[in-house]
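The lines below spell out each chain.
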Amino acid sequence: MTKKVSLRMLSVENARLEKIEHPLFDEKNVQVFVQRDDLIHPLVSGNKWRKLKYNLLAWKNSKKEGVLTFGGAYSNHLLATAAACQLENIPCIGMVRGEELNPQSNATLAQCSALGMRLIFMDRMTYQMREDKQFIEELSYEYPNYYIIPEGGANYYGMIGCQEIVKDFPSDIQAVFVAQGTTTTSSGILLGLSEQQSLFVVPALKGFDVAAEMEHRWRYAGFPDELWEEKQIQLQIKTVDQFGGYGKWNEELIQFIKVFYQLTKIPLDVVYTGKAMYALMEEIKRDRFNHQQVVFVHTGGLQGNPEELKYLFTI
Ligand SMILES: *Cc1c(COP(=O)(O)O)cnc(C)c1O
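Small disclaimer: the values here were computed from a predicted structure and weren't measured. (Residues numbered from 1 in each chain as written. Predicted model: local features only at pLDDT ≥ 70, side-chain atom pairs only at ≥ 80, totals over all residues. Heavy atoms only, no water.)

A. The pattern of salt bridges, seen in detail. As enumerated under the stated definition, the model contains 18 salt bridges in all. In this structure, K19 and E21 form a salt bridge, with 3.7 Å as the shortest nitrogen-oxygen distance. According to the relative accessible area criterion, K19 is partly exposed, its value standing at 41%. In this structure E21 comes out as partly exposed when scored by relative accessible area, which is 47%. Notably, a salt bridge pairs E164 with K53, separated by 3.0 Å at the nearest N-O pair. A residue pair is termed long-range when its members are at least 10 positions apart, and E164 in the loop between α8 (156-163) and β7 (175-180) and K53 in helix α3 (residues 46-61) qualify at 111 residues. Among the charged side chains, a network of salt bridges with common partners joins K238, E282, E283, K285 and R286. (Salt bridge = Lys/Arg side-chain N within 4 Å of Asp/Glu carboxyl O. Buried < 20%, exposed > 50% of the residue type's maximum accessible area, 1.4 Å probe, protein only. Helix = DSSP H or I, 4+ residues; strand = E, 2+ residues; numbered from the N terminus.)

B. Quick peek at the site of the ligand. Lining the immediate surroundings of the ligand are 15 residues, of which K48, N76, T182, T185 and T299 lie closest. Within the side chain of N47, an N or O atom sits 3.0 Å from an oxygen atom of the ligand. Within the side chain of T299, an N or O atom sits 2.6 Å from a nitrogen atom of the ligand. In isolation the ligand has 380 Å² of accessible area, and contact with the protein removes 98% of it. Taken together, the elements giving at least two residues each to the shell around the ligand come down to α3 and α9 (184-192). For the shell around the ligand, the leading source of residues is α3, giving 3 residues. A class-by-class count of the residues in the shell around the ligand yields 1 nonpolar, 12 polar and 2 charged. (Near = heavy atom within 4 Å. Polar contact = N/O pair within 3.5 Å; in protein donor to acceptor, adjacent residues only side chain to side chain. Areas by Shrake-Rupley, 256 points an atom, 1.4 Å probe, with all protein chains shown as cover. Nonpolar A, V, L, I, M, F, W, Y, C, P; charged D, E, K, R; others polar.)

C. Structural view of the packing of aromatic side chains. Tallied over the entire structure, the rule returns 13 aromatic pairs. Ring centres of Y156 and Y157 lie 5.8 Å apart, and the angle between their planes is 65 degrees; this geometry places the pair in the edge-to-face category. Seen in terms of ring centroids, F200 and F289 are 5.2 Å apart; in terms of plane orientation they differ by 80 degrees. Their pairing is edge-to-face. Residue F200 is located in strand β8 (residues 198-203), and its partner F289 is located in the loop between α13 (273-285) and β10 (293-298); the two are separated by 89 residues in the primary sequence. Each member of the pair, F200 as well as F289, carries the same accessibility label: buried. Within the aromatic cluster, the residues linked to one another by ring pairs are Y156, Y157, W218, F223 and W228. (Phe/Tyr/Trp six-rings, centres within 6.5 Å; stacked < 30°, edge-to-face > 60°.)

Spelled out as structure tokens, the structure:
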């Protein structure tokens with residue numbers, strides 16, 4: 001079998017750095033840019049594409065026929081993998097958390113399935129073992145022809161793919177803001193920033209131990225502990241727990257997203273980017289970035305139920 005990963009697949013040409021305007025930015029004399037990774041692909045949540053890039057190149061160099069990965073019922077990563085594999089004709093399997101679900105349980109799963117991803121539903125206990133070494137070995141025995149990509153593309157390949165996000169940032173950018181799930185995207189960005197630049201991360205999970213999780217990721221990816229020690233000095237954590245934690249939102253967040261869209265024409269999602277942008281605005285209000293230049297990395301995430309999206313962006 002000949003394997004092709006076309007340039008189309010790996011292209012990020014739609015992404016761009018965009019300066020945005022807002023009355024608050026004038027008042028505080030701050031310049032805000034948005035890295036529009038949300039424009040990379042209509043279905044593939046921007047950072048998921050970046051995380052898949054080197055994983056798919058690794059698949060290409062392997063002897064495996066297809067790819068297998070993991071995700072929850074609303075996973076942007078599952079959908080991204082399904083879309084990328086459909087484009088490239090790669091057989092793919094999605095292991096989904098929740099044995100009670102089926103391919104029609106929600107819009108995300110239905111779309112994954114329509115794109116040709118074979119969905120296998122796992123009970124939550126088994127799903128918890130998805131990073132366990134022995135479990136992965138057993139799985140590769142069961143699916144010998146599938147290259148296994150961890151949940152969220154959270155490995156070395158995912159990190160170096162995300163390092164490229166900041167590649168073309170102007171050097172006078174002082175701070176970068178990004179939403180955090182598995183910490184893979186933020187880890188890649190941190191690797192790519194120069195010493196004088198700071199990274200502000202906004203975890204989507206409540207009560208999340210950012211430093212412990214990132215240290216674990218860096219070690220798992222094979223980076224020396226000293227590198228993490230050195231780079232974590234540039235890291236700042238901003239939590240926005242008032243919206244109720246992962247996957248939860250309230251009217252205040254919805255209003256924030258609507259008003260932000262009216263002013264900037266940039267859509268945000270309720271799980272990741274809406275909360276991260278809220279955190280950035282709070283910091284600007286507190287005079288944290290006066291006379292500075294900040295980049296907000298828009299990681300995408302606007303997939304799922306079209307009715308819900310319409311509700312957010314029609315005014
Ligand atoms: C998955 C996702 C994130 C989190 O990225 P990690 O690399 O898992 O930290 C952030 N924003 C959006 C829109 C996502 O889909």
